Amino acid sequence: MTPALRFDNLAKTYRERGAGKRALNGISFAVEAGEIVGFLGPNGAGKTTAMHVLMDILFPTSGSAEIIGLDSRDPESRQNVGFLPEVFAFDGFLTGMRFLKLFGSLSGRNLDLVAAHIPELLAFLDMPDAANVRIKNYSKGMTQKIGLAQALIGDPQILILDEPTSGMDPIAKARIKQLFIKLRSEGKTVFLSTHILSDVEDIADRVAIINQGELLAYDRVSSLLAANKRGFKIVFAGGDAGLPSALVGCAISNDSQGRTEVSCPDPKSRDFALQTILQHGGDIISLKTLGGSLQSQFLRLMHQEGLSDD
Amino acid sequence: MISTIALHKLAKLRHSRMILIYIIGCGCISLLTILPVILMGVVSGNRTVGADTALMYFAFARFFGLVAALMLGATLWRQDEKDGTLLTFMARPLSRIELLVGKSLGCLYALLIYLGAVVAFYMIAHLLFFRFSIPLSFPLYLIQELQFYLVYFAAGAFFSSLLNPLLAATAVLGWAFLALLAKIFLSLSPAWCRVLGKGFRFLSLDSDISYSVQALFTADIPTVMPLFKGITYYLLWSILLFSAAVVLFNRREFAGRRS
Ligand SMILES: Nc1ncnc2c1ncn2[C@@H]1O[C@H](COP(=O)(O)OP(=O)(O)OP(=O)(O)O)[C@@H](O)[C@H]1O
Ligand SMILES: [Mg+2]
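Attention here is on the structure that accompanies the text.

Looking now at the pattern of salt bridges. A complete count under the given rule lists 21 salt bridges over all chains for this structure. Two residues, Glu35 of chain A and Arg220 of chain A, come together in a salt bridge whose shortest N-O distance is 3.5 Å. Remark: Arg220 of chain A occurs in strand β10 (residues 214-220) and Glu35 of chain A occurs in the loop between β2 (21-31) and β3 (36-40); sequence separation between them is 185 residues. With a relative accessible area of 35%, Arg220 of chain A lands in the partly exposed category. Across the salt bridge formed by Glu81 of chain B and Arg78 of chain B, the nearest N and O atoms sit 3.8 Å from each other. Linking Glu81 of chain B with Arg78 of chain B, this pair stays in helix α4 (residues 78-83), spanning three residues, or about one helical turn. Three or more residues are tied together by salt bridges with common partners; here these are Asp91 of chain A together with Lys9, Lys12, Asp80, Asp83 and Lys103 of chain B.

We now examine the interface of chain B and chain A. Tallying the contact residues gives 29 residues for chain B and 31 residues for chain A. Here chain B meets chain A over a buried area of about 2,700 Å², counting both sides, of which 60% is carbon and sulfur. Sorting the residues of chain B by area buried against chain A places Thr88, Arg92 and Glu253 of chain B first, and these three jointly supply 26% of that buried surface. Between the two partners, chain B and chain A, sit three salt bridges. The shortest N-O distance in the salt bridge between Glu253 of chain B and Lys12 of chain A comes to 2.5 Å. If you list the elements that add at least two residues to the side of chain B that touches chain A, you get α1 (2-16) and α5 (85-90) of chain B. Ranked by residues supplied to the side of chain B that touches chain A, first place goes to α1 of chain B with six residues. Here the residues of the side of chain B that touches chain A are counted per class, giving ten nonpolar, ten polar and nine charged.

With that settled, the discussion passes to empty space enclosed by the protein. Unoccupied space between atoms shows up once a probe the size of one water molecule is rolled over them. All names here are of chain A. For the structure on display, the rule yields three cavities of 30 Å³ or more. One number sums up the size of the largest cavity: a volume of about 80 Å³. What lines the largest cavity is simply Pro164, Thr165, Lys173, Ile176, Lys177, Phe180, Leu192, Thr194, Ile196, Asp199, Val200 and Ile203. Secondary structure elements with two or more residues in the lining of the largest cavity: α5 (170-185) and α6 (197-203). No other element matches α5, which puts four residues into the lining of the largest cavity. Per-class residue counts for the lining of the largest cavity are seven nonpolar, two polar and three charged.

Our focus in this paragraph is the sheet that holds strand β5 (residues 70-71) of chain A. All names here are of chain A. Overall, antiparallel pairing links the four strands, which are arranged β2-β1-β4-β5 in an open sheet. The sheet is open, and its two borders are formed by β2 and β5, each paired with just one other strand. Two strands pair when backbone bridges link them, and strand β1 (residues 5-14) and β2 are joined in this way by eight bridges, in the antiparallel orientation. Its bridge partner lying in β2, Tyr14 is registered against Lys21. The strands touched by helix α1 (residues 47-54) within the sheet are β1, β2 and β4 (62-67), with β1 carrying the most contacts at an inclination of about 115 degrees.

This part takes up the coordination of the magnesium ion (ligand 2). Bound to the magnesium ion (ligand 2) on the protein side are Thr48 of chain A (OG1) and Glu86 of chain A (OE), at distances that span 1.9 to 2.2 Å. A residue pair is termed long-range when its members are at least 10 positions apart, and Thr48 of chain A in helix α1 and Glu86 of chain A in the loop between β6 (81-84) and α2 (96-106) qualify at 38 residues.

Turning our attention to the site of ligand 1. Around ligand 1, the surrounding shell holds 17 residues, and the nearest of these are Gly44, Lys47, Thr48, Thr49 and Glu86 of chain A. More than one chain reaches ligand 1: the nearby residues come from chains A and B. One of the backbone nitrogen or oxygen atoms of Ala45 of chain A is found 3.2 Å away from an oxygen atom of ligand 1. One nitrogen or oxygen atom from the side chain of Glu86 of chain A is found 2.5 Å from an oxygen atom belonging to ligand 1. Taking 630 Å² as the accessible area of ligand 1 by itself, protein coverage stands at 77%. The set of elements that each furnish at least two residues to the shell around ligand 1 consists of β2 and α1 of chain A. Element by element, the count of residues in the shell around ligand 1 is highest for α1 of chain A, at three residues. Here the residues of the shell around ligand 1 sort into five nonpolar, six polar and six charged.

Residue and element names in this part refer to chain A. Positive phi, normally seen in glycine, also occurs at Glu163, with a value near 50 degrees. Examined against the element boundaries, Glu163 turns out to sit in the loop between β7 (158-162) and α5. Unusually for a residue other than glycine, Gln212 sits at a positive phi of about 45 degrees. Structurally, Gln212 is set in the loop between β9 (206-211) and β10. Given the relative accessible area of 61%, Gln212 is considered exposed.

Residues and elements named next belong to chain B. Look at helix α8 (residues 165-187) against helix α9 (residues 191-203): their axes get within 8 Å of each other, and the N-to-C directions meet at 155 degrees. Taken together, the axes of α8 and α9 lie roughly antiparallel to each other. Like other packed secondary-structure pairs, α8 and α9 cross with a definite hand, here left-handed. Residues Trp175, Leu178, Leu181, Ala182, Phe185 and Leu186 of α8 form the contact with α9, whose participating residues are Trp192, Cys193, Arg194, Leu196, Gly197, Lys198, Phe200, Arg201 and Leu203.

The next point concerns the packing of α2 of chain A against α1 of chain B. Running from N to C, α2 of chain A and α1 of chain B point in directions that differ by 155 degrees, and their axes come no closer than 10 Å. Classed by the angle they form, the pair α2 of chain A and α1 of chain B counts as roughly antiparallel. α2 of chain A and α1 of chain B meet at a crossing whose hand is left-handed. Contacts between α2 of chain A and α1 of chain B involve Arg98, Leu102, Ser105 and Leu106 of chain A on the former and, on the latter, Thr4, Ile5, His8 and Ala11 of chain B. In terms of residue class, the contact of α2 of chain A with α1 of chain B is built from four nonpolar, three polar and one charged.

Cut-off values and rules
- All chains use their own residue numbering, which begins from 1 and follows the written sequence.
- Both sets of labels track the order of writing: A upward for chains, 1 upward for ligands.
- Reporting of local features is limited, given that this is a predicted model, to residues whose pLDDT is at least 70; pairs of side-chain atoms are given and counted only at 80 or more, and all residues count toward the totals for whole chains, interfaces and linings.
- To get the side-chain values, all heavy atoms of the structure are used, and hydrogens and water are removed first.
- Counted as salt bridges are all cases of a side-chain nitrogen of Lys or Arg within 4 Å of a carboxyl oxygen of Asp or Glu.
- A helix here means a DSSP run of H or I that spans at least four residues, while a strand means a run of E at least two residues long, and both kinds are numbered starting from the N terminus.
- Each residue is placed in one exposure class: buried if its accessible area under a 1.4 Å probe, protein chains only, is under 20% of its type's maximum, exposed if it is over 50%, and partly exposed if it falls in between.
- Only heavy atoms matter for contacts: two residues are in contact if any of them lie within 4.5 Å across the pair.
- By buried area we mean the combined loss of accessible area, with a 1.4 Å probe, across both parts when two parts are placed together.
- For this scheme, ten residues count as nonpolar: Ala, Val, Leu, Ile, Met, Phe, Trp, Tyr, Cys and Pro. Four count as charged, namely Asp, Glu, Lys and Arg, and the remainder, Gly too, count as polar.
- Buriedness of a pocket was judged along seven lines, with at least five required to meet protein on both sides within 12 Å; pockets are open sets of points on a 1 Å grid over the protein atoms alone, cavities are sets where a 1.4 Å probe fits but cannot get out, and lining residues have an atom within 4 Å of a point.
- Grid points are joined across faces, edges and corners, and a volume is the space filled by probe spheres set on the points.
- A pair of strands counts as paired when DSSP detects no fewer than two bridges linking them.
- In this analysis an axis means a line fitted to C-alpha atoms, helices contributing only their contacting stretch, and an angle means the value between N-to-C directions, from 0 to 180 degrees.
- Distances decide who is a donor: an N, O or S atom must be within 2.8 Å of the metal, or within 3.2 Å for Na, K and Ca. Water is not included, so sites may look incomplete.
- Consider each residue's heavy atoms; a residue with any of them within 4 Å of a molecule or strand counts as near.
- N or O atoms closer than or at 3.5 Å make up a polar contact, with two conditions inside protein: a donor-capable atom paired with an acceptor-capable one, and, for residues adjacent in sequence, both atoms drawn from side chains.
- Shrake-Rupley sampling with a 1.4 Å probe provides the accessible areas, and residues are treated as covered by the protein chains on show and by no other component.
- The cut-offs work like this: below 35 degrees is roughly parallel, past 145 is roughly antiparallel, 65 to 115 is roughly perpendicular, and the gaps in between are oblique.
- Should the near helix be turned anticlockwise from the far one by less than a right angle, the crossing is termed left-handed; should it be turned clockwise, right-handed.

Now the structure itself:
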């Protein structure tokens, strides 16, 4: 099947006086239809640049970007796409309703359908009253939400979202996570850049990680996490005097609050340690997978392991 | 799609009050020019006014119209780039050409509204106060007037592909000045001056080719040929400039809006 999005050796150099800035250095990967894909990377990595090439706002220096098999330079490629730019802004004199109608009609969708969809969409975004308020009077989070609504209004198959939840409250963030899962269940593709790794870890099928214009990893979240696991850490309190010596095969250390930390290299020793602690009357406080978070994998790829909290 | 964009552009201009300000400006200044004549007419009881008053009125109307057209051209997409709306538009399945044509159509509507207001002012004055002469070629004159606006609009659009709106507007005014320079050189006797003058006239937006307001209001049966000549001349310039603006826009890359 044709992938929803495809980057083929895409390079982008911003023209500037002198050498020019190489923002993308030949990245290649494809986003399969019906998946949620997180696009991660530190500030200045090139995420926005890549998305702008997809939207034909920037042109590739070499290589190409495709949407459902059509080159990004072809306006037809954007037929079934919703896009939220990184910094969303629009003419402030429009009310939410008029703005969404405008973009509904520009997406080629039936206007009656659009009009029926708007109250529902705004209610979902927790701003039902915003329909008749001018955009210039919106708060920062509301502006971002109406931008997201704009991307959704045409009921597109593919969503390309540049930091969609920035500036939104925790309720909205949680809702939007659910929304993405719902969209995926409808067979739609969500390609989003974000700095909130825990969200991506929860909902994304795959992640692409870039840094300084290079693709460092593109994989299923599960495989990426599995590759980085470095054993387990159990924290417990109490237990009888024989417990420490019974925990063979694990490293033990005591922390200042009278709790004991046990590091186990593999699932087998983890299970053994858990049983032993319980048998000796210990009280298990936490069990953590070391290196098991997207955050720690991300930091490892950026050679910043020291910042990882596990 | 194109008409949706055009109507949005018109709404945006309406909210920026751009066209309204030009209409009011034109109305005020023309009132100031006509007011003394009105008073004189009331005092003397002679309610028929000569061509001079109409001439003055249309000269002011043209001045405001040209400046409006120039500003509309210079900010055609620059304004949208600045306020961040351009990115959102570009993510729609529209070609850049459709986008620019849609926006230009919105500007054309605005200029038509302006021209409509100019004519309406004139007609109201004609019906209520005076018998202005309304020559047969008046509609043709209006077409030429619109064509005049269009060439300034296209020039503004073209120069704004290369320069920021303020400099673009300045460049167009500088260009219009070439016609004056051409006249100076053509009036000098050395052969090279005349060659240079002809060159300048070729490059300039030579208003001599057009049908002047004076000719319109003084001729009994205006000859129509110079009018068509002028319209064709400006039409060619407009098409050339606007096409160049479209090509440059099509090849342009945009930076995202930074918060
Ligand atoms: N208009 C521009 N002109 C020159 N260089 C640019 C321009 N826009 C971006 N860059 C450079 O390109 C690189 C990639 O920028 P980009 O905006 O794609 O990063 P990003 O991954 O989206 O970062 P962030 O997480 O901060 O949004 C950066 O080094 C940036 O300095
Ligand atoms: Mg970015």
